[in-house]
Amino acid sequence: MNGQVVSPRTRAGVTGELAPRLPTRDTFAAVAEAVRAGLLRKHKRLPPWLLYDDEGSDLFEEITRLPQYYLTRTERAILTTHADSIIAAAGCPREVVELGAGSASKTSVLLAALLRRLPRVRYVPVDVSAAALSQAAAELRPLRLVDLQPVAARYPEELDFLRRPANGRRLVLFLGSNVGNYEPPRALELLAAVRRHLAPGDAFLMGVDRRKSPAVLLPAYDDDAGVTARFSKNVLARLNRELGANFNLTRFRHVVIWRDRASRLDLYLESAVSQDVVIEALDLRVHFAARERIHTESSHKPTDAKVRRLLERAGFVPEAVWQDERRLYGVHLARVPPG
Ligand code: AVI
């Protein structure tokens, strides 16, 4: 297992195939189809979007508050410290679109900086979750001069709302290092799709967790308190709830592996024993050998040079990067070049 570092509670193992984290608007049929296809493969996997039902989203919120999970608070600190220079460099956009806005808790600092320069701005939070969009609205209520136009949509499939005319320059935000959960070709597809919908001079701001020592990365994804393990195992609990499966959660372990060459973390659920699991709604019995794994998610940790290449290949011109003092995390600004 060359070039791999394994979390202390983990043994090295096979590489799972990667899937992008698609936003969920999960119908029973979509869940059933994804589970059947994923668990009948030689190397079992479940798509990452299955992690984010209501319970999973609450657990992810809990992860963002863990001392080991530095990503959220580091990004927030960068945006807070550099809000004015980011907004100036972005060219004082009149419209801010945020992909995967969630509760928009980090965005208000950028909007406040914009409102110091402009009398009014339009903010378009995009999320698949209506609950997240109404939380965003509540978060931004104190900023009275923000014209809020939430859009419930998946991306990149449903970016058509970007076709409607912006009343001036646009800034698209893609924060939280969400790009890291996409397999590189899918990340390129998404960024290129965004780029195609933008006009010359528009800007794109993306938060990315950087490549760093696995000694820092592994605890962020395998915390002592076991919150990330509960987040991972929630996918099995979800299959019990929604598909009448009988996964015994105590017989699976949360496993995280650092793949040095690919510069990513792979997250798995590993069967502790040889066992069969029945999924009633699929009329399916699935066998797990002892130590067999289900790949559930990957989190890529690119260098800045790799992020720049990705932006360029998507058709943007990278312009600036803001970082924290420890250089853990980067916030990258790129622009659509003149036609
Ligand atoms: C949502 N995404 C950016 C998280 C990450 O850091 O890759 C998902 C996550 N999974 C486990 N911990 C965090």
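Notes on the structure follow.

## Considerations on the pattern of salt bridges
Under the definition given, this model contains 22 salt bridges. Residue E62 pairs with R230 through a salt bridge whose shortest N-O separation is 3.2 Å. Of this pair, E62 sits in helix α2 (residues 54-64) while R230 sits in helix α8 (residues 227-243); the two residues are 168 residues apart in sequence, bridging distant segments of the chain. Relative accessible area serves as the criterion here: at 44%, R230 is assigned to the partly exposed category. Residues D266 and R259 are paired through a salt bridge, measuring 2.9 Å at the closest nitrogen-oxygen approach. If you follow the salt bridges from partner to partner, you end up with E95, R122, D147 and R170 in one network.

## Re the environment of F288
Position of F288 among the secondary structure elements: in strand β11 (residues 284-288). Residue class for F288 comes out buried when judged on its relative accessible area of 0%. In the structure, F288 is positioned 249 residues away from L39 in sequence and 9.8 Å away in space, judged by C-alpha atoms.

## As for unusual backbone geometry
Residue P156 is reached from Y155 by a cis peptide bond, and omega for that bond is 5°. Within the fold, P156 resides in the loop between β5 (151-152) and β6 (170-174). Positive phi, close to 55°, is recorded for S263, a residue that is not glycine. Structurally, S263 can be placed in the loop between β8 (252-259) and β9 (264-271). Overall, the relative accessible area of 6% leaves S263 in the buried class. Despite not being glycine, D283 shows a phi value in the positive range, around 55°. In this fold, D283 is placed in the loop between β10 (275-279) and β11.

## As for the packing of aromatic side chains
Applying the stated criterion across every chain, the model contains 11 aromatic pairs. With a centroid separation of 5.8 Å and an interplanar angle of 70°, the aromatic rings of Y69 and Y221 are classed as edge-to-face. One end of the pair, Y69, is in the loop between α2 and α3 (71-89); the other, Y221, is in helix α7 (residues 214-221), with 152 residues separating them in the sequence. Note on accessibility: Y69 and Y221 belong to one class, buried. Among the aromatic residues, ring-to-ring pairing joins Y52, F60, Y69, Y221 and F231 into one connected group. Over the ring of F288 we find K44; its NZ or CZ atom is 5.1 Å from the centre of that ring. In this arrangement the basic side chain of R293 is found over the ring face of Y268, its NZ or CZ atom lying 5.4 Å from the centre.

## With respect to the nonpolar core
With 72 residues, the main nonpolar core has V35, L111, L171, L205, F247 and I279 as its most contacted residues. Setting aside residues up to four positions removed in sequence, L111 forms contacts with V96, V121, Y123, L140, L143 and V146. L99, A153, A314 and V336 belong to the second-largest nonpolar core, a separate cluster that totals 32 residues.

## A word on the side chain of D209
As for its placement among the helices and strands, D209 is situated in strand β7 (residues 203-209). Reaching out from D209, the side chain makes a polar contact with the side chain of Y70 at a distance of 2.7 Å. A distance of 2.7 Å separates the side chain of D209 from the side chain of K212, its partner in a polar contact. Leaving out residues up to four positions away in the same chain, D209 has contacts with Y70, L71, S177, L217, Y221, H300, K301, P302, L328 and Y329.

## Some remarks on helix α6 (residues 184-196)
Taking 1.5 Å of rise per residue, 13 residues should cover 18 Å, and α6 covers 18 Å from first to last C-alpha, within 8% of that figure. Turning to α6, its buried residues are A187, L188, L190, L191, A192, A193 and V194.

## A short note on the environment of L143
By the element assignment, L143 lies in the loop between α5 (130-140) and β4 (146-148). As a C-alpha pair, L143 and P185 span 42 residues in sequence and 38 Å in three-dimensional space. The residues contacting L143, other than those within four sequence positions of it, are S108, L111, A112 and L115.

## A short note on the packing of helix α1 (residues 28-39) against α8
Packing of α1 against α8 brings their axes to within 11 Å, and their N-to-C directions diverge by 125°. As the angle between them shows, α1 and α8 are arranged oblique. For the pair α1 and α8, the sense of crossing is left-handed. Across the interface between the two elements, F28, V31, A32 and V35 of α1 pack against R238, L239, E242 and L243 of α8.

## Here we look at the layout of surface pockets
Looking at the second largest pocket, its volume works out to about 330 Å³. Along the walls of the second largest pocket sit 18 residues, with P184, A187, P302, K306 and L310 positioned nearest its centre. Among the elements of the structure, α6, β7 and α9 (304-313) are those that each provide at least two residues to the lining of the second largest pocket. Residue contributions to the lining of the second largest pocket peak at 5 residues, all from α9.

Definitions and limits used
Residues numbered from 1 in each chain as written. Predicted model: local features only at pLDDT ≥ 70, side-chain atom pairs only at ≥ 80, totals over all residues. Heavy atoms only, no water. Salt bridge = Lys/Arg side-chain N within 4 Å of Asp/Glu carboxyl O. Helix = DSSP H or I, 4+ residues; strand = E, 2+ residues; numbered from the N terminus. Buried < 20%, exposed > 50% of the residue type's maximum accessible area, 1.4 Å probe, protein only. Phe/Tyr/Trp six-rings, centres within 6.5 Å; stacked < 30°, edge-to-face > 60°. Lys NZ or Arg CZ within 6 Å of the ring centre and 35° of its normal. Core = buried A, V, L, I, M, F, W, Y, C linked by side-chain atoms within 4.5 Å. Contact = heavy atoms within 4.5 Å. Polar contact = N/O pair within 3.5 Å; in protein donor to acceptor, adjacent residues only side chain to side chain. Expected span 1.5 Å × (residues − 1). Axes fitted to C-alpha atoms, helices over the stretch in contact; angles between N-to-C directions. Parallel < 35°, antiparallel > 145°, perpendicular 65-115°, else oblique. Left-handed = near helix turned anticlockwise from the far one by under 90°. 1 Å grid on protein atoms, 1.4 Å probe; cavity = no way out; pocket = protein on both sides within 12 Å on 5 of 7 lines; lining within 4 Å. Points joined across faces, edges and corners; volume = space filled by probe spheres on them.

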